[in-house]
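For reference, the chains in residue letters:
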Amino acid sequence: LWVMPVMRNRDPINNASGPGYNIVDCYNVAPEYGTNQDFARFVSRAHELGMRVILDVTPNHTSSSHPFVLDARALRENSRYWSYYQHEFITYTGPNFGNLSQAITSDGFVYYGPFSDALLNYNWADVDARQYMLDVYKWWIREMGVDGYRLDVYWGPHIRANSPNGGEGEMGRPVRAALKHMKPDIHLLGEVAGVGVGTERFYADNSTPGGVE
């Protein structure tokens, strides 16, 4: 079962304008879906029926209403969370993954133009930011029993890593190493280009392995 994002969002989750990608709380199920206990029971029952549960998550961004952003906006560079986000445009000349136009808010937070300034680019190059998100993914495995992740906009952190050539060292491989160590049979599905020269670097089964299956 591939489940859309279930974490608490800025606005109520629905099937139209709010499908779940505007996350403000990485550790709690949105009330539209119930409680953490409800979700844990759902995963447990799926396992009893011989099914696995893959949870959609957003490594590319958090909501602009996430507490980290609110703190960073209030304290600017004095906030411990300022470096958790992208604040400068990154020049990228590799394969084009859709419309990669970058935009920046009036107070210096970068986001992808095709999205909106409600979804601000997360900075996996920051060691503390990276560890926070790894801990989130571990928690959903340990506490909720999920069997894998569908990593939304996987290409975003990928192309921001080791700019301008792309790379998996800051997001893909650390995620894979941490989660495979914890759950060897975990399934990691990334939203990436599936074909074309250069795209093989996303995947684990090549000479310079990436993070996804």
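Thresholds applied
- Counting of residues starts from 1 at the beginning of each chain's written sequence and follows it residue by residue.
- Two thresholds apply to this predicted model, a pLDDT of at least 70 for residue-level local features and 80 or more for giving and counting side-chain atom pairs, whereas whole-chain, interface and lining totals are computed over all residues.
- Where side-chain values are given, they derive from all heavy atoms of the structure, hydrogens and water being excluded.
- Helix numbering and strand numbering both begin at the N terminus, where a helix is a DSSP run of H or I of at least 4 residues and a strand a DSSP run of E of at least 2.
- Residue contacts follow a heavy-atom distance rule, with two residues in contact if any of their heavy atoms lie within 4.5 Å.
- Identification of polar contacts relies on pairs of N or O atoms within 3.5 Å, with a donor-acceptor requirement for protein atoms, meaning one able to donate a hydrogen and the other able to accept it, and with residues adjacent in sequence counted only if both atoms are side-chain atoms.
- Any residue with an atom within 4 Å of a point lines the site, the site being either a cavity, points on a 1 Å grid over the protein atoms alone where a 1.4 Å probe fits but cannot get out, or a pocket, an open set with protein on both sides within 12 Å along at least 5 of 7 lines.
- Grid points are joined across faces, edges and corners, and a volume is the space filled by probe spheres set on the points.
- Gly is put with the polar residues, along with every residue not named as nonpolar or charged; the nonpolar set is Ala, Val, Leu, Ile, Met, Phe, Trp, Tyr, Cys and Pro, and the charged set is Asp, Glu, Lys and Arg.
- Residues enter patches when they are more than 30% accessible in relative terms and free of salt bridges; like-charged ones are connected within 9 Å and nonpolar ones (Val, Leu, Ile, Met, Phe, Trp, Tyr) within 5 Å.
- Per-residue and other accessible areas follow the Shrake-Rupley method at a 1.4 Å probe size, with only the shown protein chains counted as cover for residues.
- Salt bridges are defined by distance alone: a side-chain nitrogen of Lys or Arg within 4 Å of a carboxyl oxygen of Asp or Glu.
- Partly exposed describes any residue whose relative accessible area lies between the buried limit of under 20% and the exposed limit of over 50%, with all areas from a 1.4 Å probe on protein chains only and scaled to the type maximum.
- Strand pairing requires that DSSP identify at least two bridges connecting the strands.
- Two rings belonging to Phe, Tyr or Trp (six-membered ring only in the last case) form a pair when the distance between their centres is within 6.5 Å. Interplanar angles under 30 degrees mark stacking, angles over 60 mark edge-to-face geometry, and anything in between is tilted.
- Buried Ala, Val, Leu, Ile, Met, Phe, Trp, Tyr and Cys residues form a nonpolar core when they are joined through side-chain atoms within 4.5 Å.

Caption draft 1: Inspection of the environment of asparagine 28 at higher detail. Here asparagine 28 shows up in strand E3 (residues 23-29). If we ignore the near neighbours within four places in the chain, the residues touching asparagine 28 are Val6, Met7, Arg8, Asn36 and Trp140. A polar contact of 3.0 Å, which involves the side chain of asparagine 28, links it to the side chain of aspartate 25.

Caption draft 2: Just empty space enclosed by the protein, in detail. Evaluation of the coordinates by the stated rule reveals 1 cavity of 30 Å³ or more. Here the largest cavity is characterised by a volume of approximately 60 Å³. For the largest cavity, the full set of lining residues is Met7, Ile23, Cys26, Val57, Thr58, Pro59, His61, Thr62, His66, Met133, Val136 and Tyr137. Elements with a minimum of two residues in the lining of the largest cavity: E3, strand E5 (61-63) and helix H3 (127-144). Top contributing element to the lining of the largest cavity by residue count: H3, with 3 residues. When grouped by side-chain class, the residues that make up the lining of the largest cavity number 8 nonpolar, 4 polar and no charged.

Caption draft 3: Just a nonpolar patch on the surface, in detail. On the surface, a nonpolar cluster with roughly 350 Å² of combined accessible area is contributed by Leu1, Phe42, Leu49 and Met51. Mapped onto the fold, leucine 1 is located in the segment before strand E1 (2-3).

Caption draft 4: How the structure looks around the pairing of strand E9 (residues 148-151). Here E9 shows two buried faces, one formed by Gly148 and Arg150 and the other by Tyr149 and Leu151. In this sheet, strand E10 (residues 187-190) lies alongside E9 in parallel orientation, the contact comprising 4 bridges. Bridge pairing in E10 links tyrosine 149 to leucine 188.

Caption draft 5: Structural context of the packing of aromatic side chains. In this structure the tally under the stated criterion is 20 aromatic pairs. Measuring from centroid to centroid gives 5.8 Å for phenylalanine 39 and phenylalanine 42, while their planes differ by 40°, and the two rings are tilted. Here phenylalanine 39 pairs with phenylalanine 42, and both are found in helix H1 (residues 36-48), just 3 residues apart, close to one helical turn. An angle of 90° between the planes, with centres 5.8 Å apart, marks the rings of tyrosine 85 and tyrosine 122 as edge-to-face. With tyrosine 85 in the loop between helix H2 (67-75) and strand E6 (102-104) and tyrosine 122 in the loop between strand E8 (119-121) and H3, this pair connects stretches of sequence that are 37 residues apart. With a relative accessible area of 1%, tyrosine 122 lands in the buried category.

Caption draft 6: Broad picture of the layout of surface pockets. Considered as a void within the structure, the largest pocket measures approximately 240 Å³ in volume. For the lining of the largest pocket, a count of residues per class yields 7 nonpolar, 6 polar and 2 charged. By volume, the second largest pocket is sized at about 170 Å³. For the lining of the second largest pocket, the class distribution of residues is 7 nonpolar, 4 polar and 3 charged.

Caption draft 7: Layout of the side chain of histidine 66. Tracing the backbone through its elements, the reader meets histidine 66 in the loop between E5 and H2. With a relative accessible area of 3%, histidine 66 lands in the buried category. Residues within four places of histidine 66 in sequence aside, it is in contact with Ile23, Val24, Asp25, Cys26, Tyr85 and Tyr132.

Caption draft 8: Structural view of the pattern of salt bridges. The final tally for this structure, using the stated rule, is 13 salt bridges. Where arginine 176 meets glutamate 213, a salt bridge forms, and the shortest distance between an N and an O atom there is 2.6 Å. A residue pair is termed long-range when its members are at least 10 positions apart, and arginine 176 in helix H5 (residues 172-182) and glutamate 213 in the segment after E10 qualify at 37 residues. Ionic contacts of the salt-bridge type, sharing partners, join the residues Asp56, Arg150, Asp152 and Glu191 into one network.

Caption draft 9: Looking closely at the nonpolar core. Judged by nonpolar contacts, the single largest core of 54 residues is most densely connected at Phe39, Leu55, Tyr137, Trp140 and Tyr149. Here this core gets 10 residues from one element, more than from any other, and that element is H3. Once residues within four sequence positions are removed from consideration, phenylalanine 39 is found in contact with Val6, Val29, Val53, Leu55, Trp140, Met144 and Val146.

Caption draft 10: Representation of the pairing of strand E4 (residues 54-57) in the model. Side chains of E4 alternate between two faces, with Ile54 and Asp56 and Leu55 and Val57 buried alike. Note: E1 against E4, 2 bridges, orientation parallel. Looking at the pairing, tryptophan 2 lines up with isoleucine 54 of E4. In this sheet, E9 lies alongside E4 in parallel orientation, the contact comprising 4 bridges. Residue pairing across strands places aspartate 56 opposite arginine 150, the latter belonging to E9.

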